[in-house]
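# Tertiary structure, described
One letter stands for each residue in the lines below.
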Amino acid sequence: MRWQRGSTALLITVSLGAVVLLVVSSGAVVLDQPSDPLNDEVALQPGDNPYAYLDENDELAVDITENNPNLDTEGVNPDGFAAQESLFYITYDGNESAEAWIDHEGTGVTFVVDGEPIESESNGVRLTSENDAVPVGIKVDTRVAEVAPGDRLIDEISVHARPANSEAIGDADNDDNSDDDDYPGTVTTVGSPDSTARNVEILSLAAEVETEVNLRQLHVGDPAVRLTNLTFVSTDSGDVEFEVRGTTDPPPETSSVPLGVDTLGYYTVEFTTPDQPISEATTELVVDRDYLAETDVDPEQLTVYRETEAGWKQTKTTAISTNDETVRLRVASTGFSAFAVAAERPALVPGEAALSTDQVAAGETLTVTVNLDNNGRAPANDVKIQIVTADERELVSDEVATVNAEVGETTTESIVVRLNSTGEYNLVLTGPALAAGSESSGMGTDQLITQSVTVTEQLDDETGTEAEGASSINTPNEESVDTSVSGETEVRNDREEVVTEPFGIDLTDIGGIALLIGIVLTTLLLFRRVPR
């Protein structure tokens, strides 16, 4: 059984002028208010905004053009982006669960529920007696190619609704599933308690038949990593139940992932009855490119590991489609357990380190030579490392060193270090690709270089300060030494020894000689004037 309703009016025209500000609806839907029914149980109802209303035929119309009498502006501005969280509601008045989705052939328009598109059968929104009024939002992006003012982005949409289990995989149309003409077929129910969990119940599971479950964008840790569907083949038939859950932290009782495995999130598939006889299992994931750019992950680094009895093992992970916004991965395994979505990176592990000296004067340099093993899962290409002090975290390496090492390769790096203050220092190697130390958990952890360095005061460069100005003719005193000039004079005390060059004369010597000469000349002059 399938319900379907097509040609629900939706008009969006790009016009120059003021931008339409799509306000967030603040009013709740009221089920007994006028609505546009799709059938006896599913209906469409306008949200609390000026864009959605029931037209003269009591059909839902969404008008974001200059023709809308409720708007004072002239449409959506080109090169702009606008969004409305509660444009209209899909209401439900049934007892069993149902699904609804929207399709159209418009450009730059996306219909969403909780920010996720609902524009395909596989991404339909679930309707239940508890979730009986689902707000449908719209994202309008006029920054698309070949859109000019006056162009119509979309003419109409089709809204589809159906019972949730009407087209489950392996239904009664598959005659190979049973020899009994009254075989009821496989019925799959998916519960969504929140964005990170799905409760799955499969009735009349067929053996040796590929069974697919739509997980509707299950968040795996960050919302930018989503699990879209799950497929498996069981060797047994019957009824099964299992839970799929996404987490940021490692699942309980799992071991540590290998070095160089930088996890983006985890998901688990846990059956109510363990040890399910599954021969083939696949999952599909979507990862946003913006998130990869933020976390410095290249799409080629993406992979998925599965927890086994022997620890984490890499699965066969294939990029099945890529575009400017997302990367889609398919993960193949031989069963279900815990999975880690990760990026493979280098993991540098410091080995033996040597210092050119363990004692240095403040301001002088020493060289640290260290061996680095790349025990990660990807080559190290121009990976940066530096050295800081262990306590003060002061950067002491003169320059950033870059490391290049293939997986499993050992390289030796020399780093020049300069310490400007006296004291005892332990040195720490730091960098984004360093593997976790013994007391840490995570890439980029600092690694201690065990040798300590003693930094002493800088030596005084001035020598012989007191003696350089001393005269070879000194004023006599009790501590004076022989001051006679005999070609070379030595002046000694407890601290220094000064050697005066032969016949060295300073300003004091010159002054004494001048006085002596003056006395002699005066005497001669007086002598010449004595009366005979």
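Thresholds applied
- Residues numbered from 1 in each chain as written.
- Predicted model: local features only at pLDDT ≥ 70, side-chain atom pairs only at ≥ 80, totals over all residues.
- Heavy atoms only, no water.
- pLDDT = per-residue confidence, 0-100.
- Contact = heavy atoms within 4.5 Å.
- Helix = DSSP H or I, 4+ residues; strand = E, 2+ residues; numbered from the N terminus.
- Buried < 20%, exposed > 50% of the residue type's maximum accessible area, 1.4 Å probe, protein only.
- Polar contact = N/O pair within 3.5 Å; in protein donor to acceptor, adjacent residues only side chain to side chain.
- Pairing = 2+ DSSP bridges.
- Axes fitted to C-alpha atoms, helices over the stretch in contact; angles between N-to-C directions.
- Salt bridge = Lys/Arg side-chain N within 4 Å of Asp/Glu carboxyl O.

All right, on to the confidence of the model for the chain then. Residues with a pLDDT of 70 or more make up 68% of the chain, whose mean pLDDT is 75. Scored below 50 in pLDDT, residues 166-183 shows 27 contacts in the model against residues more than four places distant or in partner chains. Long-range and interchain partners of residues 438-444, a stretch whose pLDDT sits below 50, account for 15 contacts in this model, where long-range means more than four residues apart.

A few words now on the side chain of Ser333. Tracing the backbone through its elements, the reader meets Ser333 in strand β23 (residues 326-333). Judged by relative accessible area, which is 14%, Ser333 ranks as buried. Of the polar contacts made by the side chain of Ser333, one reaches the backbone oxygen of Gly335; its length is 2.8 Å. Excluding its chain neighbours within four sequence positions, the residues that come into contact with Ser333 are Glu280, Ala281, Arg306 and Phe339.

With that settled, consider the sheet that holds strand β13 (residues 187-194). Judged by pairing direction, the sheet is antiparallel, and its seven strands sit side by side in the order β13-β14-β17-β18-β24-β20-β21 without closing on themselves. Bordering the open sheet on either side are β13 and β21 (311-314), each of which pairs with just one other strand. Across the sheet, the axes of successive neighbouring strands diverge by a mean angle of 25°, strand direction being ignored. The pairing of strand β17 (residues 238-247) with strand β18 (residues 261-271) spans six bridges and is antiparallel. Paired with Phe242 across the two strands is Phe271, which belongs to β18.

A few words now on the environment of Val225. Locating Val225 in the fold gives a position in strand β16 (residues 222-234). Taking the C-alpha atoms as reference points, Val225 and Arg289, separated by 64 residues in sequence, lie 9.9 Å from one another. Non-local contacts of Val225, meaning those with residues more than four positions away in its chain, are made with Leu218, His219, Val220, Leu285, Val286, Val287, Tyr291 and Val341.

Turning our eyes to something else, we now look at the pattern of salt bridges. Where side chains of opposite charge bring their charged atoms close, a pairing between them can arise. Applying the stated criterion across every chain yields a total of nine salt bridges. Of the charged contacts in the structure, one is a salt bridge between Glu284 and Arg328, with a shortest N-O distance of 3.5 Å. In this pair, Glu284 is assigned in strand β19 (residues 278-288) and Arg328 in strand β23, connecting sequence segments 44 residues apart. When its relative accessible area of 25% is taken as the criterion, Arg328 is described as partly exposed. Put simply, Glu99, Arg126 and Arg216 are held in one network by salt bridges that share partners.

In terms of strand pairing, strand β20 (residues 302-308) meets β21 through four bridges, oriented antiparallel. Its bridge partner lying in β21, Arg306 is registered against Lys313. A loop of two residues connects β20 with β21, the two strands running antiparallel in sequence.

Next up on the list: the sheet that holds strand β15 (residues 210-220). Within a sheet, adjacent strands bond to each other through the backbone by hydrogen bonds, running parallel or antiparallel. Within the open sheet, the five strands sit side by side as β15-β16-β19-β23-β22. Their pairing is antiparallel. Edge positions in the open sheet fall to β15 and β22 (316-322), since each of these has one partner strand only. Across the sheet, the axes of successive neighbouring strands diverge by a mean angle of 20°, strand direction being ignored. Relative to β16, β15 runs antiparallel, the two sharing eight bridges. When the bridges of β16 are listed, Val213 appears paired with Leu230.

Take the side chain of Asn374 next. Counting through the fold element by element, Asn374 comes out in strand β27 (residues 365-374). For Asn374, a relative accessible area of 0% translates into the label buried. There is a polar contact of 3.2 Å between the side chain of Asn374 and the backbone oxygen of Ala378. Discounting residues that sit within four places of it in the chain, Asn374 has contacts with Pro346, Ala347, Leu348, Pro379, Ala380, Ala405, Glu406, Val407, Gly408 and Glu409.

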